[in-house]
Amino acid sequence: MKGAVAVASSGQPAMGTSDLTKVSDVSSPAPKMDMQGMEMSSGEVKKIDKAAQKITLRHGPIKNLDMPGMTMVFKVAEPSLLDKVKAGDTVKFSAEDQGGALVVTAIEAVK
């Protein structure tokens, strides 16, 4: 068998290898995920319009949409999502772009 061998000295990893002894802080909780495996964003319910099936949220960054925090109106994927929350609730939610419309696909009140 022929090939290159990387040799490290002084406990330092060889160039091109990773130091597997370094582990990130496992005591910090993983980001909250929804049923689809997407990271959930934080927000506050400002208004609910059940007739139009829309919710106004003041939210932090939405990573999967590359969107900064702001207040905006979203459609909801299912009208029953609006029954889970009320104006003033702090929430975790998931949203996605569905044909150019931003749609809340999951939402839950944070206690």
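For the structure, see preceding data.
These notes cover the structure that comes with them.

Calculation rules
- Residues numbered from 1 in each chain as written.
- Predicted model: local features only at pLDDT ≥ 70, side-chain atom pairs only at ≥ 80, totals over all residues.
- Heavy atoms only, no water.
- Helix = DSSP H or I, 4+ residues; strand = E, 2+ residues; numbered from the N terminus.
- Contact = heavy atoms within 4.5 Å.
- Salt bridge = Lys/Arg side-chain N within 4 Å of Asp/Glu carboxyl O.
- Pairing = 2+ DSSP bridges.
- Axes fitted to C-alpha atoms, helices over the stretch in contact; angles between N-to-C directions.
- Buried < 20%, exposed > 50% of the residue type's maximum accessible area, 1.4 Å probe, protein only.
- Core = buried A, V, L, I, M, F, W, Y, C linked by side-chain atoms within 4.5 Å.

This brings us to the overall build of the protein. Of regular secondary structure, the protein possesses zero helices and five strands. Secondary structure elements of the protein, listed N to C terminal, follow the sequence β-β-β-β-β. Within the protein, contacts between residues at least 6 apart in sequence are counted, and of these 47% link residues at least 24 apart.

Applying the stated criterion to the full structure yields five salt bridges. One salt bridge connects Glu 44 with Arg 58, and the closest N-O pair in it is separated by 2.8 Å. Here Glu 44, found in strand S1 (residues 41-49), pairs with Arg 58, found in strand S2 (residues 54-59); they are 14 residues apart in sequence, far enough to count as distant. Within this structure, Glu 44, Lys 46 and Arg 58 form a network of salt bridges that share partners.

Ordered by their spatial adjacency, five strands build a closed barrel running S1-S2-S3-S5-S4, and the pairing between neighbours is mixed. This sheet shows a mean twist of 55° between the axes of neighbouring strands, independent of strand direction. Note that strand S3 (residues 70-76) and strand S5 (residues 101-109) share two bridges and pair parallel. When the bridges of S5 are listed, Lys 75 appears paired with Val 103.

Turning our eyes to something else, we now look at the environment of Lys 46. By the element assignment, Lys 46 lies in strand S1. You can call Lys 46 partly exposed: its relative accessible area is 42%. Between the alpha carbons of Lys 46 and Arg 58 there is a distance of 6.7 Å; along the sequence they are 12 residues apart. Not counting residues up to four positions away in its chain, the partners in contact with Lys 46 are Thr 56, Leu 57, Arg 58, Thr 71 and Ala 87.

What follows deals with the nonpolar core. Soluble globular proteins: nonpolar side chains tend toward being buried together. By size, the foremost hydrophobic cluster in this structure holds 16 residues, and its most contacted members are Ile 55, Leu 57, Phe 74, Val 91, Phe 93, Val 104 and Ile 107. If we skip the residues at most four places from it in the chain, Leu 57 touches Glu 44, Val 45, Lys 46, Met 70, Thr 71, Met 72, Phe 74, Val 91, Phe 93, Val 104 and Ile 107.

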